[in-house]
Amino acid sequence: MVTLCWRPSVKGDGSKRGGDTNGRFDGLMWYKDLGVHTNGEFSMAVIQANNLMEDRSQLESGPLSSLKSGPHGTFIGVYDGHGGPETSRFINKTLFSNLKKFTSEHQEIFADAIRKAFLTTEEEFLSLVKQQWNEKPQIASVGSCCLAGTICNGLLYIANVGDSRAVLGRVDKATKSITAIQLSTEHNASIESVRDELRSLHPQDSRIVVLKHKVWRVKGLIQVSRSIGDAYLKKSEFNQAPLLARFRLPEPFSKPILSAEPSISVHRLSSKDQFVIFASDGLWDHLSNQEAVDIVHTHPRNGIARRLIEAALHVAAKKREMRYSDLMKIDRGVRRHFHDDITVVIVFVDPYSMNRSSSRGSIISLRGGTPSSPES
């Protein structure tokens, strides 16, 4: 049966044909062209646009609990930070450990263990905000989207808060065509159903969503309606001085405006399911689900995550009527005017692995983004 799991400071060998265990840098890009997880292969890449890299990601292949007798599989995490890198870094260090803790209690992966891992990670980060509030109040305005996938015993669990996205590539064996199937639910105020949900949760607040410069934002401040962090929109005690004035609301609020409750789906993998693309919204700003799936399906696996990012950057350059080569010369910080940080993890599910018992091999722990940094 299929099994998967994910994250970076590397333990074990995810190398393929002698490739780097830790990945490589090329300018503002970090990549791991091809690695091996418990039941297949994977490819990862990250490109930086912000002054500080706000995306973090991880892939864990091996034990999904702290017990030797517990389930094995693969965990994939993509954490798209905003307002700074602190929350995405925290999730990168904490979420998978929390998942293993709750999995150990029941000796199996199940949706509620993933939910508890999300909410515990949120509680722990808000506790950190409280500790640092007086010395570092700006940490209350830092948050992160959080997309996690867990593959174990033929099931793929997708949990998400925010607007990162997981897309499955499913092949039609008769026509050999590939279909894109979005597995994640997004929480962005640009989506009408999300605005309706916010209005129903806050019926007394006529300005719970505001159209500002042609963009829908929660309280006129933020596009995502769910996140980890963003304490200033979760607890009134963090929405006051010394927090910067631009984040402060005119009146205190009695219940959280944003939520950390993940949307969770469970998908049974079949022999038609070829791969899953996990990516921050920086990729989906420029490529549709089908475009991304077509690229992965029609090119070699080796380096495919890099290829997807490069395809998105070609589109970003074209939108600004410039050449790709000129875009690549622009330094971080200024680069953010052209595209966001982009993280891509592609996990291939090999059909042969569906018919064998869960392997105990391929123990990997890999973090993408800035693995050379001690804080990554």
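Because the structure is predicted, anything quoted here is derived from the model rather than measured.

Visitor: How do you make sense of the sheet that holds strand β2 (residues 29-37) when you look at a structure like this?
Guide: Strands in a sheet are paired, the pairing made by backbone hydrogen bonds, and the direction either parallel or antiparallel. The strand order across the open sheet formed by 7 strands is β1-β2-β3-β16-β15-β9-β10, and the pairing between neighbours is antiparallel. Looking at the sheet topology across the chains shown, the edges are occupied by β1 (24-26) and β10 (177-182). For this sheet, the mean angle separating the axes of adjacent strands, direction not counted, is 20°. Bridging between strand β3 (residues 40-47) and strand β16 (residues 342-348) involves 6 bridges; their strand directions are antiparallel. Bridge pairing in β16 links V46 to T343. On the sheet, helix α5 (residues 289-298) packs against β9 (165-172), β10, β15 (273-279) and β16 and is oriented at approximately 135° with respect to β10. Along the sheet face, helix α6 (residues 304-319) touches β2, β3, β15 and β16 and points at about 140° away from the line of β16.

Visitor: Before we go on, may I ask you to explain α6 in this structure?
Guide: An α-helix turns once per 3.6 residues; consequently, residues spaced three or four apart project the same way. The end-to-end C-alpha distance of α6 is 23 Å, a good match for the 22 Å that 16 residues give at a rise of 1.5 Å each. Those residues of α6 lying buried are I304, A305, L308, I309, A311, A312, L313, A316 and A317. A positive backbone phi angle near 55° is found at E321, which sits one or two residues after α6.

Visitor: How should I be thinking about the state of the cysteines in this particular structure?
Guide: A full pass over the atoms with the stated rule returns 0 disulfides. The thiol of C146 is not disulfide-bonded; the next cysteine sulfur, from C145, is found 8.9 Å away.

Visitor: Teacher, can you tell me more about the environment of S254 here?
Guide: For S254, the location among the structural elements is in the loop between β13 (228-229) and β14 (263-268). Residue class for S254 comes out exposed when judged on its relative accessible area of 80%. Through-space distance from the C-alpha of S254 to that of K235 is 8.0 Å; in sequence the pair is 19 residues apart.

Conventions adopted
- Residues numbered from 1 in each chain as written.
- Predicted model: local features only at pLDDT ≥ 70, side-chain atom pairs only at ≥ 80, totals over all residues.
- Heavy atoms only, no water.
- Pairing = 2+ DSSP bridges.
- Helix = DSSP H or I, 4+ residues; strand = E, 2+ residues; numbered from the N terminus.
- Axes fitted to C-alpha atoms, helices over the stretch in contact; angles between N-to-C directions.
- Contact = heavy atoms within 4.5 Å.
- Expected span 1.5 Å × (residues − 1).
- Buried < 20%, exposed > 50% of the residue type's maximum accessible area, 1.4 Å probe, protein only.
- Disulfide = S-S within 2.5 Å.

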